[in-house]
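Structural description and commentary
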Amino acid sequence: MSKIKIKTLGCKVNQYEAETIAEKLAQAGIQVNALHPEDADGDHVDVCIINTCTVTQKASMQSRQAIRRAKRAHPNARIIVTGCYAQTQPQELKALEEVDCVIGQAEKHLIPELIIACPAGQKKKLPPLPLQNQTNAKFDAPPPIISRHRSRPFLKIQDGCDAFCTYCIVPYARGRSRSMPFDEALARVGAIKAAGYHEVVLSGIHLGCFGQDLTPPRSLGDLLHQITVAQAIDRVRLSSIEPAELTDTILDLAVKSETICRHFHIPLQSGDDAILKQMHRPYDGRFFADLVTRIHSRMPDACIGVDTLIGFPGETDRAFENTYRLVEELPIAYLHVFPYSPRKGTPAGEFAGQVPAATIKARTRVMRALGRQKRAAFYRRHLHLETRALIEARRDRASGRLKGITGNYIPVLLEGPDSCMNTLQPVRIEKIGNDGQISGRLSNPGTAHYQSEANCPSH
Ligand code: SF4
């Protein structure tokens, strides 16, 4: 029997696709394990799949490192490389001596068949698959499975992007925006509930575009509405949503219904209007500030997470300051801070005014410090409050305690019995440790459902 290992870099959609590959192989009786950097020779492996990312130069470099490490740890394994880097730079990857086979995004779902057709022990080389152009790719519906490893499975309902932000390689790697058929998305959410899960994380490359390509056109708001009306699942979380696509329909639903998690991850990228324009982002700082203020005034307990891209070409000290001030002033709960690096194949890679690496590093550090302050302040606002948390199916490795996650994305460790696992439980946030770790208490251990959401005061 073949032994397969897989390593995934990058976004949630890439992770989801890796899980889909693993699940298909599992259905064929082939076990897939995670490839760890510390893997050592001696552990016989037949195939290593490296599911690459190329969103930044660093991601590409880490993908190449993962390939080399895999070959070092498992010299006899065949190395299959797929993902966005494989789609955009196949020749670069084919030139690496460690690589046996490069497979593009459109053919990724065929990897299990490829491995099954070419089993372990068979010396035959993996047959090359022609790399398809992603421009007119169809939505690749994954098999009707859920995650084997998560209490909160992802469901990819959208792929691709038409936005062409000037720094981003993703539209070239994943093609045009396309959606899972509406009824199928609804049915899959129901299937996830039927399989015993309480939460689903809806994901996509440009999730807010869900449904726009369908006939008749639908929207993410429509889908969320149907999910709540049909009580298709207890909780729905959005992985990330562009500012202009977080519509009133979605916000109204989140205000009225406990089903929609009050957790909104919104990419800002820059708080400077000139930079936003250069990035080809369709909003300005004021629009973003209004949106965040509106969310907070309607849902003071909402967790609002923000992406920032630091050091875009032309980012002066003043422009950086504008980003810093905007984030500082708004009720943002956490930050993901990405240092800009020029990406070959994107317009911004050719822009004048590239910011020196040392400046980007320093600004990134300042921004991350602000992110830590914001997160700590958000957690402090929830101390001693009652909320409910989904208790994960595995205990925290270090402490042995239960791990829960609240609707507004607060991770909490709790004492309690195994019977609470994979249930929604009322919890009280009790303590924030020096390490930032949050401890809570089960308010009513053993109760499977708890109906009242936290009533959290504004800060
Ligand atoms: S919206 Fe912009 S940043 Fe996001 S995937 Fe599309 S092009 Fe990239």
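To keep things clear, this report deals only with the structure shown in the data block.

Reading guide: rules and limits
- Residues numbered from 1 in each chain as written.
- Predicted model: local features only at pLDDT ≥ 70, side-chain atom pairs only at ≥ 80, totals over all residues.
- Helix = DSSP H or I, 4+ residues; strand = E, 2+ residues; numbered from the N terminus.
- Pairing = 2+ DSSP bridges.
- Axes fitted to C-alpha atoms, helices over the stretch in contact; angles between N-to-C directions.
- Contact = placed C-beta atoms within 7 Å.
- Parallel < 35°, antiparallel > 145°, perpendicular 65-115°, else oblique.
- Left-handed = near helix turned anticlockwise from the far one by under 90°.
- Nonpolar A, V, L, I, M, F, W, Y, C, P; charged D, E, K, R; others polar.

Moving on: unusual backbone geometry. Omega for the peptide link from Thr215 to Pro216 comes to -10 degrees, which places this bond in the cis form. Of note in the backbone geometry, Tyr409 takes a positive phi value of approximately 65 degrees without being a glycine. Checked against the element boundaries, Tyr409 lands in the loop between β15 (402-406) and β16 (411-414). At Asn422, a residue that is not glycine, the phi angle is positive and equals roughly 60 degrees. Mapped onto the elements of the fold, Asn422 is located in the loop between β16 and β17 (424-432).

Across the sheet, which stays open at both edges, the 3 strands sit in the order β11-β12-β13 with parallel pairing between neighbours. On the outer flanks of this sheet lie β11 (263-269) and β13 (334-339), each paired with one strand and no other. Shown here is a sheet whose adjacent strand axes are inclined to one another by a mean of 20 degrees, direction ignored. Of the pairings in the sheet, the one linking strand β12 (residues 303-310) to β13 comprises 6 bridges and is parallel in character. Bridge pairing in β13 links Val306 to Leu335. Helix-sheet contacts for helix α13 (residues 357-381) involve β12 and β13, and the interaxial angle to β13 is about 170 degrees.

Quick look at the packing of helix α8 (residues 220-229) against helix α9 (residues 248-256) now. Interaxial distance between α8 and α9 falls to 8 Å at its minimum, and their mutual angle equals 25 degrees. Here α9 runs roughly parallel to α8, going by the angle between their axes. Handedness of the α8/α9 crossing: left-handed. From α8, Leu220, Gly221, Leu224, His225 and Thr228 reach across to α9, where they touch Thr249, Ile250 and Leu253. When grouped by side-chain class, the residues that make up the contact of α8 with α9 number 4 nonpolar, 4 polar and no charged.

To continue, consider the sheet that holds strand β6 (residues 154-156). Through backbone hydrogen bonds, the strands of a sheet pair up, either in parallel or in antiparallel fashion. The strand order across the open sheet built from 3 strands is β6-β9-β10, with neighbouring strands paired in parallel fashion. Both edges of this open sheet fall to β6 and β10 (235-238), since each of them pairs with a single strand only. Adjacent strand axes in the sheet meet at a mean angle of 30 degrees, parallel and antiparallel pairs treated alike. Bridge count between β6 and strand β9 (residues 199-203): 3 bridges; the pairing is parallel.

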